[in-house]
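# Analysis of the macromolecular model
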Amino acid sequence: MSATQDYLDRYETSLMGVFGRPQLVLDHGAGVWVWDVEGRRYLDLVGGIAVNALGHGHPALVAALSKQVAEAVHVSNFFTTPGQIALAEQLLEVAEAPQGSAVFFANSGAEAIEAAIKVARRTGRTGLVAAEGAFHGRTTGALALTHKEAYRAPFEPLLPGVTHVPYGDVEALRAAVTQETGAVILEPIQGEAGVLEASADYLRAAREITSAAGALLVIDEIQTGIGRTGSWFAFQRAGIVPDAITIAKGLGGGVPVGALIALGPETAQLLQAGQHGTTFGGNPLAAAAGLAVLETIRSEGLLAKVAALGTWFQDRIGQIEHPLLTGVRGVGLLQALTLAEPVAAHAVTAARAHGIILNAVSPTALRIAPPLIITEAELDVLCDALPAILDEAAAAAADERTQP
């Protein structure tokens, strides 16, 4: 029996099966590469689902975490620490937050969304508006905002008062926002829906509609924030100021951390002492990770590099001619290859055989969200292998169709 088979058998007898049988058993990583327990190397183009902003084993993150582990991992939120305060200050700076803004630290994106829901409830209005295709998390409040029926149905009834509107449709959004709406919660790019970007005009309209109705505008930057699109936050490309943003994923570079940033005193003061809390949020280890990530993005000039790489990658993909490849969409290092036929899952399997990790975000789209430190040469590994990967995916799909 192989080491992989042994681990997966043990996995299935010890862990809940909510993820199904894993594709690989990974052992370690370095930069944008990971190795499985058999010693096989893979180009990691998923990055822990847009989490590993600095890749694997980045010296700055290793040094910051090693130092912090030796000093204090956790102290509880009866107290604060210099690192927690410094990270909050830096997040307010990169968010270009107005005076009176404030940060609430959590442990994940879903928890940041839960905090946003509670902020919205404190307006005295119970209505929430989200978009069709949205993914905001799987905790019960966040799940009510998430649109996919397969995620929602087993757990209904969910939080009441949520309306979903077509993503990008200004008039549908305008019609849905009423005097009962506490908040509109939108992703600037819908990652789970296939990397679908909202136009700047749509986000500006959302800001105008919510302001006119006295509702909050919450922008979910959990996947798109912390440099993923070549800006600190994707909403900044539209030139708007929302009332709050939710972040997680890339902020900790792999260490669990999330945050709600309330922009302006009116929003920041909606939650008062005792109305919300967390045991682990903003602990010294998470704060050290967040500070290391922000500093490295600055010192290595990663925002400009990510923006340039996104443009280069789209141009490079445009040079590839294959009947299954219909295009590429996205911004910075959140991209999706679009396919003419629903063979994305087969393409993921084929890519693994070529030593490349991809994500089938929909039957006709392959999501790419690699570490922000990736290079053109490393992305070219995918580009060079892509025609063969798609050929093998097409053949596997054809074989599947002929099975009785």
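Now for a description of the structure that goes with this document. (Residues numbered from 1 in each chain as written. Predicted model: local features only at pLDDT ≥ 70, side-chain atom pairs only at ≥ 80, totals over all residues. Heavy atoms only, no water.)

Counting its secondary structure elements, the protein chain contains 14 helices and 17 strands. Taken over the C-alpha trace, the protein chain has a radius of gyration of 21 Å; the compact-globule value for 404 residues is 22 Å, and the two agree within 12%. Each principal axis of the C-alpha atoms in the protein chain carries an extent, and together these give about 55 × 55 × 45 Å. Considering the protein chain as a whole, with its 404 residues, one finds that 51% of them fall into the buried category. Partitioning the contacts of the protein chain with sequence separation of at least 6, the portion at a separation of at least 24 is 70%. Summing over all exposed atoms, the protein chain offers an accessible surface of approximately 17,400 Å²; the carbon and sulfur share of this is 55%. Between the mean site of the 25 positive side-chain charges and the mean site of the 41 negative ones, the protein chain shows a separation of 4 Å. (Helix = DSSP H or I, 4+ residues; strand = E, 2+ residues; numbered from the N terminus. Rg over C-alpha atoms; globule rule 2.2 N^0.38 Å. Buried < 20%, exposed > 50% of the residue type's maximum accessible area, 1.4 Å probe, protein only. Contact = heavy atoms within 4.5 Å. Areas by Shrake-Rupley, 256 points an atom, 1.4 Å probe, with all protein chains shown as cover. Lys, Arg positive; Asp, Glu negative; His and termini not counted. Charge placed at Lys NZ, Arg CZ, Asp CG, Glu CD.)

Here a ring pair, both rings aromatic, is described through the centre-centre distance and the interplanar angle of the planes. Inspection of every chain in the model, using the stated rule, returns 3 aromatic pairs. Measuring from ring centre to ring centre gives 5.8 Å for F135 and Y151, while their planes differ by 75 degrees; the resulting arrangement is edge-to-face. Taken as a pair, F135 in the loop between β5 (127-131) and α6 (140-145) and Y151 in helix α7 (residues 149-152) lie far apart in primary sequence, 16 residues in all. Among the residues examined, F135 registers a relative accessible area of 21% and is labelled partly exposed. R41 extends its terminal NZ or CZ atom over the ring of W33, reaching a point 3.6 Å from the ring centre. Lying over the aromatic face of Y151, R138 brings its terminal NZ or CZ to 4.0 Å of the ring centre. (Phe/Tyr/Trp six-rings, centres within 6.5 Å; stacked < 30°, edge-to-face > 60°. Lys NZ or Arg CZ within 6 Å of the ring centre and 35° of its normal.)

Here 4 strands make up an open sheet; going across it, the order is β1-β2-β3-β15 and the pairing mixed. Because the sheet does not close on itself, it has two edges, and the strands there are β1 (26-30) and β15 (356-357). Summarising the sheet, β1 and strand β2 (residues 33-36) pair through 4 bridges and their orientation is antiparallel. In the sheet register, G29 faces β2, and the bridge partner there is V34. (Pairing = 2+ DSSP bridges.)

Before going further, it helps to examine the pattern of salt bridges. What the rule picks out here adds up to 13 salt bridges. Between D6 and R10 there is a salt bridge, with the nearest N and O atoms lying 3.5 Å from each other. Residue D6 and its partner R10 are located together in helix α1 (residues 3-12), separated by 4 residues, close to a single helical turn. The partly exposed category is assigned to D6, whose relative accessible area is 31%. A relative accessible area of 48% places R10 in the partly exposed class. One salt bridge connects E71 with K67, and the closest N-O pair in it is separated by 2.9 Å. Note that E71 and K67 are positioned in helix α3 (residues 59-71) at a spacing of 4 residues, about one turn of the helix. The pair E71 / K67 is uniform in exposure class, with both members exposed. (Salt bridge = Lys/Arg side-chain N within 4 Å of Asp/Glu carboxyl O.)

What follows is about the nonpolar core. L91 and F233 are the most contacted members of the largest nonpolar core, which totals 90 residues. If you look at the next biggest cluster of nonpolar residues, it comprises 19 residues, including I117, V119, L145 and A244. (Core = buried A, V, L, I, M, F, W, Y, C linked by side-chain atoms within 4.5 Å.)

With that out of the way, let us pick up the packing of helix α13 (residues 344-353) against helix α14 (residues 376-402). The contact between α13 and α14 brings their axes to 8 Å, and the two run at 125 degrees. Judged on the interaxial angle alone, α14 and α13 are oblique. Of the two possible hands of crossing, α13 and α14 adopt the one that is right-handed. Along its contact with α13, which presents H346, A347, A350 and A351, the element α14 presents I389, E392, A393, A396, A397 and E400. (Axes fitted to C-alpha atoms, helices over the stretch in contact; angles between N-to-C directions. Parallel < 35°, antiparallel > 145°, perpendicular 65-115°, else oblique. Left-handed = near helix turned anticlockwise from the far one by under 90°.)

The next thing to look at is the side chain of T267. Within the secondary structure layout, T267 lies in helix α10 (residues 265-268). Ignoring anything within four residues of it in the chain, the contact list for T267 reads V119, L216, D243, A244 and A262.

This part is about a nonpolar patch on the surface. Judged by side-chain polarity, M16, V18 and F19 come together as a nonpolar surface patch covering roughly 440 Å² of accessible area. One can find V18 in the loop between α1 and β1. (Patch = residues over 30% accessible without salt bridge, like charges linked within 9 Å, V, L, I, M, F, W, Y side chains within 5 Å.)

What follows covers the pairing of strand β11 (residues 244-247). Of the two faces of β11, the one carrying A244 and T246 and the one carrying I245 and I247 are both buried. Two strands pair when backbone bridges link them, and strand β10 (residues 216-220) and β11 are joined in this way by 3 bridges, in the parallel orientation. Each bridged residue has a counterpart across the sheet, and for V218 the counterpart in β11 is A244. When β11 meets strand β12 (residues 258-262), the two strands line up antiparallel, connected through 4 bridges. Residue I247 lies in a different strand from β12, and its bridge partner there is A259.

Quick look at the sheet that holds strand β13 (residues 325-331) now. Ordered by their spatial adjacency, 4 strands build an open sheet running β13-β14-β17-β16, and the pairing between neighbours is antiparallel. Edge positions in the sheet fall to β13 and β16 (359-362), since each has one partner strand and no second. Neighbour-to-neighbour, the strand axes of the sheet open up by a mean angle of 30 degrees, direction not taken into account. Pairing analysis gives 3 bridges linking β16 to strand β17 (residues 365-368), with the strands arranged antiparallel. The residue bridging N359 from the neighbouring strand is R367, located in β17. Across the sheet, helix α12 (residues 302-318) is in contact with β13, β14 (334-339) and β17; its angle to β13 comes to roughly 175 degrees.

Attention now goes to α1. By the burial criterion, the buried members of α1 are T4, L8 and Y11. All buried residues of α1 fall inside an arc of 55 degrees around its axis, so they share one side. (Arc of directions from axis to C-beta.)

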